[in-house]
Amino acid sequence: MRVFTSTLAIAAALAAGHASAWEATEGQPYAGQTVRVLAVTSSQFQAHEARFAEFEEATGIDVEVDYVPFPNMREALTAEMIGGGGDYDVVSIMDQWVPSLTNLIQPIGDGIAAQGTDLSDFPAAHMRHGMIDGELYGLPVRGHVQLMFYRTDLFEQAGVEVPQTWADVVTAGQAIQEATDASGIALPYGRLNGQNLMVWINLLWGHGGDLFDDAGLPIFNSDAGVMATEQYINFLTEDEIAPAGSAVFVEQDAVNSFKQGNSAMLPVWWWVSSQLTDPEQSTITADQLGFAALPTIAGSDRTTFTNTWIFGVTADSDTPEAAIEYLGWLTDPALEREVLLDPELSELVAVHLSNMRDEEVNARWGGIHAAAADALETADGIKFGDDWLRIVEVLETAISSLASGEQDDVRAVLDSAAEEIAEIRG
């Protein structure tokens, strides 16, 4: 597998040392207590569970975990909150759900500080979702970033370099289309859970814009928003580097286009990488797959849309101190590193910058973590509200209508969407 990373990221990876390991509170003050955990089903979390014996021996605390499939997780968390809690001491919450579940969890800042947890090792884009009104309520344990995956053989055939900017994407995409049978880049423009927003938002940030101002009011209909939207739509319409039919593509359609050899580039979540070279579902070999941090708007910082799962202590936990002790162990970078390097596992997810820059981690995973760190170094992330799902529906409808040709006045469409969202936010 060939990879591309910046000189800065490589230097950081080589220079980074290993984070110090977690240590249990002296004297086992919580021995005999049980921490009950409600977690979304994930092989990463099951890898942690396989290591509970280490924590239980060091602390005397027993840990019990119930797993809930992702489609049912929000309902389970809501039921726990409405029911007054008490069933669980620690819960996992996806970033978009945190604002509507704040009553479920309690501040943990003092306890986590006593654990010696280095909060600066978490990227700001992940860390922000554990902060509520300036207080720490949760710590990131699972997080995803977007990367640009690309076909190394098609790039070589077309004689182009890996794009550093989105303008370079157009140049490379057009050259690849002239030299090969593949489209330049696979992108989603159809409506499904806001999937057509995830690249668009990076363009918005790159042009100096944002979704909302400090008061939470929409500002994506600014000049920056218009430029970002025109650029995103033009990949499909004027530049013609996206596959025909992309106006109705959702994320999996874009992924399939890449896997089937029909597109040369794919900006998508890093966890998708295992699919891209799986011989049972892809025509691409490991030697044909490269990846890099997402391109930028020339002169702007790198950005990435992120997805973050935080773990917090429930407001009605019977054992909050033991729960915080468990969080100290769970968020130890040494535990994460052990899972990343376990030859029996294929777990690439990391939320600690020290591990993303780690030489051995990058050697095992071909440099994908250094590419992620490169993007996360300057990524800010989104401030979600409890009205986010309604906002997504408005925004993805706007993008879809422009991609399909149903609408063609970008500023008018954005103004209308901003007005509707302002009404939602009241």
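That block above? That's the structure.
Here's what I pulled together on the structure shown here. Owing to the predicted nature of the structure, the values given are computational and were not obtained by experimental measurement. (Residues numbered from 1 in each chain as written. Predicted model: local features only at pLDDT ≥ 70, side-chain atom pairs only at ≥ 80, totals over all residues. Heavy atoms only, no water.)

### Some thoughts on the overall build of the protein
Now for step 1: Scanning the protein from N- to C-terminus turns up 19 helices and 10 strands.
Now for step 2: Radius of gyration (C-alpha) of the protein: 22 Å, near the 22 Å computed for a compact globule of 426 residues.
Now for step 3: For the protein, the spread of C-alpha atoms along the principal axes amounts to about 70 × 50 × 40 Å.
Now for step 4: The proportion of buried residues among the 426 residues of the protein is 57%.
Now for step 5: Expressed as a percentage of contacts within the protein between residues at least 6 apart in sequence, the contacts between residues at least 24 apart total 74%. (Helix = DSSP H or I, 4+ residues; strand = E, 2+ residues; numbered from the N terminus. Rg over C-alpha atoms; globule rule 2.2 N^0.38 Å. Buried < 20%, exposed > 50% of the residue type's maximum accessible area, 1.4 Å probe, protein only. Contact = heavy atoms within 4.5 Å.)

### Comments concerning helix H4 (residues 70–82)
Now for step 1: Here H4 spans 19 Å end to end across 13 residues, near enough to the 18 Å set by a 1.5 Å rise per residue.
Now for step 2: Check the buried side of H4 and you find it contacts strand S1 (34–40), strand S2 (62–68), strand S3 (90–94) and strand S10 (306–313).
Now for step 3: Just downstream of H4, glycine 84 is the residue with a positive phi angle, here 90°. (Expected span 1.5 Å × (residues − 1).)

### Description of a negative patch on the surface
Now for step 1: Together, Asp408, Asp409, Asp415, Glu419, Glu420 and Glu423 give the surface a local cluster of negative charge.
Now for step 2: Structurally, glutamate 419 can be placed in helix H19 (residues 410–425).
Now for step 3: Note on glutamate 419: relative accessible area 51%, which makes it exposed. (Patch = residues over 30% accessible without salt bridge, like charges linked within 9 Å, V, L, I, M, F, W, Y side chains within 5 Å. Areas by Shrake-Rupley, 256 points an atom, 1.4 Å probe, with all protein chains shown as cover. Salt bridge = Lys/Arg side-chain N within 4 Å of Asp/Glu carboxyl O. Lys, Arg positive; Asp, Glu negative; His and termini not counted. Charge placed at Lys NZ, Arg CZ, Asp CG, Glu CD.)

### Considerations on the packing of helix H10 (residues 223–236) against H19
The axes of two packed helices give the description: the angle between them and the distance between them.
Now for step 1: The contact between H10 and H19 brings their axes to 10 Å, and the two run at 120°. By the criterion of interaxial angle, the relationship of H10 to H19 is oblique. Taken as a pair, H10 and H19 cross one another with a handedness that is right-handed. Packed against H10, whose contacting residues are Asp223, Gly225, Val226, Thr229 and Glu230, the element H19 presents Val410, Arg411 and Leu414 at the interface.
Now for step 2: Considered class by class, the residues forming the contact of H10 with H19 number three nonpolar, two polar and three charged. (Axes fitted to C-alpha atoms, helices over the stretch in contact; angles between N-to-C directions. Parallel < 35°, antiparallel > 145°, perpendicular 65-115°, else oblique. Left-handed = near helix turned anticlockwise from the far one by under 90°. Nonpolar A, V, L, I, M, F, W, Y, C, P; charged D, E, K, R; others polar.)

### Quick notes on the environment of glycine 208
Now for step 1: Secondary-structure assignment places glycine 208 in the loop between helix H9 (198–206) and H10.
Now for step 2: As for glycine 208 and aspartate 223, which are separated by 15 residues in sequence, their C-alpha atoms are 9.4 Å apart.

### Focus on the pairing of S3
Now for step 1: S3 sits mainly inside the fold: five of its five residues count as buried.
Now for step 2: The side-chain alternation of S3 yields two buried faces, one formed by Val90, Ser92 and Met94 and the other by Val91 and Ile93.
Now for step 3: As paired elements, S3 and S10 share five bridges and run antiparallel to each other. The residue bridging methionine 94 from the neighbouring strand is tryptophan 309, located in S10. (Pairing = 2+ DSSP bridges.)

### Regarding the packing of aromatic side chains
Now for step 1: For the structure on display, the rule yields 18 aromatic pairs.
Now for step 2: Residues phenylalanine 55 and tyrosine 326 carry aromatic rings whose centres are separated by 5.7 Å and whose planes lie at 75° to one another, so their mutual orientation is edge-to-face. Highlighted residues: phenylalanine 55 in helix H3 (residues 52–59) and tyrosine 326 in helix H13 (residues 320–330), separated in sequence by 271 residues. For the pair phenylalanine 55 and tyrosine 326, one class covers both residues: buried.
Now for step 3: Within the aromatic cluster, the residues linked to one another by ring pairs are Trp22, Phe52, Phe55, Tyr326 and Trp329.
Now for step 4: We note arginine 425 situated over the ring of phenylalanine 212; from NZ or CZ to the ring centre the distance is 4.1 Å. (Phe/Tyr/Trp six-rings, centres within 6.5 Å; stacked < 30°, edge-to-face > 60°. Lys NZ or Arg CZ within 6 Å of the ring centre and 35° of its normal.)

### Considerations on the pairing of S10
Now for step 1: Most of S10 sits out of view: eight of its eight residues are buried.
Now for step 2: The side-chain alternation of S10 yields two buried faces, one formed by Thr306, Thr308, Ile310 and Gly312 and the other by Asn307, Trp309, Phe311 and Val313.
Now for step 3: With seven bridges joining them, strand S6 (residues 138–151) and S10 adopt antiparallel strand pairing. Pairing of histidine 144 across the sheet is with asparagine 307, part of S10.

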